[in-house]
Amino acid sequence: MERKRSVRRRQSQKLPFAERAKDHCRKFTAFMFSNVGIILLVVLYTIAGAFMFIAIEGDGDLERSAELARHRKSVAAKLWNISCCEANIFNKSAFIELVGQQVLHHQHNIVRAAKGGITETTKTKTSNKWTFSGAFLYSLTVITTIGYGNLIPRTKWGKIATIVYAIIGMPLFLLYLSNIGDILAKSFKWIYAKVCLCRICPGVTRRRAARERRKARALTIERDNLPEGYFIEGGELETISNSSVDMNESSEEEEIATDTQTVIVPLTICVIIMIGYILFGATLFGHWEDWDSLEGSYFCFISLSSIGFGDMVPGFKITGFEGTGVELSFILCAIYLLLGMALIAMCFNLMQEQVIHKMRAFRRCIRRCFHCDR
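Nothing here was measured: the structure is a model prediction, and the numbers come from that model.

(A) Representation of the nonpolar core. With 55 residues, the main nonpolar core has Phe173, Tyr176, Phe299 and Leu337 as its most contacted residues. Sorting the residues of this core by element identifies helix 3 (35–57), helix 6 (132–143), helix 7 (156–200), helix 11 (267–289), helix 12 (293–304) and helix 13 (328–373) as the ones contributing at least two each. Counting residues per element, this core draws most heavily on helix 13, which supplies 15 residues. Leu337 has contacts with Leu137, Leu140, Ile146, Tyr148, Ser303 and Leu304, leaving out every residue within four places of it along the chain.

Following this line, the structure appears as structure tokens:
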């Protein structure tokens, strides 16, 4: 045995570097697409997207706001020159024409900037929208297809990066919802089976009654002193295997364990979970953002359903950590969305099983009615 182990160690040490690299890559890929790895992959991908959009957009809004302010000053200087030097102020029509051209040009610039979300500001770096938390929430809303619209890329490279980022991130997030939703569904079914199954589920009651009948039958055999392996039923002497009785008794725990995986969670419980999570988020955001219960519930529902109108966005009341560029509201909203959408996926999985179970029961009922008519 020791020689075999030493030979295996030598063979593993003699593997070339390329083979070892491939082996490590396979293990790393398998881990990244596992249940824990997919969560880390989504979080790291969102963080990488935040840094990418900060690098691309950066202080673009501040520069465009400063440019708008410089344009306003230049227009004011031109109007002053027109009134003093360039135009004859006694010629009313010529003066109005020159002033009107400058004012109209300035109005077009203001309207174009307002459509792009640019406003003139005299603030410094604190007015920059592309902080880490803002970019993190933007990256998350891109891959979740929520898209609030309060923060958008304005450069050409920013728009191209958003397209590429969404093409890669959306399938990754769907994989996250599928895996995590399935894990949460199995965990919740196990908890539901342990808490509620033993007293509520009729299937367990029927199997328990069948086990009791088998035990009573075995006791009858011993009491009547019949030959081993025989019992009387319907006036005839029939055989029964003691091993089967023992197997049925020993498999009691296995049946209960199987019930935890085959149990069907009621539809009402799934609806209560979703409504409870929405009300929980409404309470939190209502306290932080000074929203009432209706506005908070509306925001949570619109966000978790990935509609994302953008008419209500967090970040107006919570200032976060001053000087660090980290708004607490954006981070909390991102965490709420990640957990909430996984919870919604879990509820959809449980509701799908409930619907399939009901459809199968309905089909069996139809078949029984058809055979009874025949």
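(B) Structural context of the packing of aromatic side chains. Within the structure shown, the criterion is met by 16 aromatic pairs. Geometrically, the ring pair formed by Tyr148 and Phe299 is stacked, given 6.0 Å between the ring centres and 20° between the ring planes. Of this pair, Tyr148 sits in the loop between helix 6 and helix 7 while Phe299 sits in helix 12, and the two are 151 residues apart along the sequence. Three or more aromatic residues joined by ring pairs make a cluster, and in this case those are Tyr148, Tyr277, Phe280, Phe285, Trp288, Trp291, Phe299 and Tyr336.

(C) View of the pattern of salt bridges. The tally for this structure, following the rule as stated, stands at two salt bridges. A salt bridge links Asp182 to Lys186, with the shortest nitrogen-to-oxygen separation between them at 3.5 Å. Separated by four residues within a single helix, Asp182 and Lys186 lie in helix 7, roughly one turn from each other. By relative accessible area, which is 46% here, Lys186 ends up partly exposed. Measuring nitrogen to oxygen at the nearest pair gives 3.3 Å for the salt bridge that ties Glu353 to Lys189.

(D) How the structure looks around empty space enclosed by the protein. A full pass over the atoms with the stated rule returns two cavities of 30 Å³ or more. Of the voids in this model, the second largest cavity is the one considered here, and its volume is about 30 Å³. If you go around the second largest cavity, the residues you meet are Tyr148, Tyr298, Phe299, Ile302, Ser303, Gly310, Asp311 and Met312. Grouping the constituent residues of the lining of the second largest cavity by class yields five nonpolar, two polar and one charged.

Rules behind the numbers
- Here the residue numbers are simple positions, counted from 1 along each chain's written sequence.
- Confidence filtering applies because this is a predicted model: local features only for residues at pLDDT of at least 70, side-chain atom pairs given and counted only at 80 or more, and all residues used for totals across whole chains, interfaces and linings.
- Heavy atoms from the whole structure form the basis of all side-chain values; hydrogens and water molecules are not counted.
- Each nonpolar core is a collection of buried residues, namely Ala, Val, Leu, Ile, Met, Phe, Trp, Tyr and Cys, held together in the definition by side-chain atoms within 4.5 Å.
- For each residue, the accessible area found with a 1.4 Å probe, counting protein chains only, is set against the maximum for its type, and the residue is called buried under 20%, exposed over 50%, and partly exposed in between.
- Secondary structure elements follow DSSP: runs of H or I no shorter than four residues count as helices, runs of E no shorter than two count as strands, and numbering proceeds from the N terminus.
- Any two residues whose heavy atoms approach within 4.5 Å at even a single point are treated as in contact.
- Here a pair means two rings of Phe, Tyr or Trp (six-membered ring of Trp) with centres within 6.5 Å. Their orientation is stacked below 30 degrees between planes, edge-to-face above 60, and tilted elsewhere.
- By definition, a salt bridge exists where a carboxyl oxygen of Asp or Glu is found within 4 Å of a side-chain nitrogen of Lys or Arg.
- In this analysis a 1.4 Å probe is tested at points of a 1 Å grid over the protein atoms alone, and where it fits but cannot get out there is a cavity; an open set with protein on both sides within 12 Å along at least five of seven lines is a pocket; lining residues have an atom within 4 Å of a point.
- Grid points are joined across faces, edges and corners, and a volume is the space filled by probe spheres set on the points.
- Side-chain classes are defined by residue name, with Ala, Val, Leu, Ile, Met, Phe, Trp, Tyr, Cys and Pro counting as nonpolar, Asp, Glu, Lys and Arg as charged, and the others, Gly among them, as polar.

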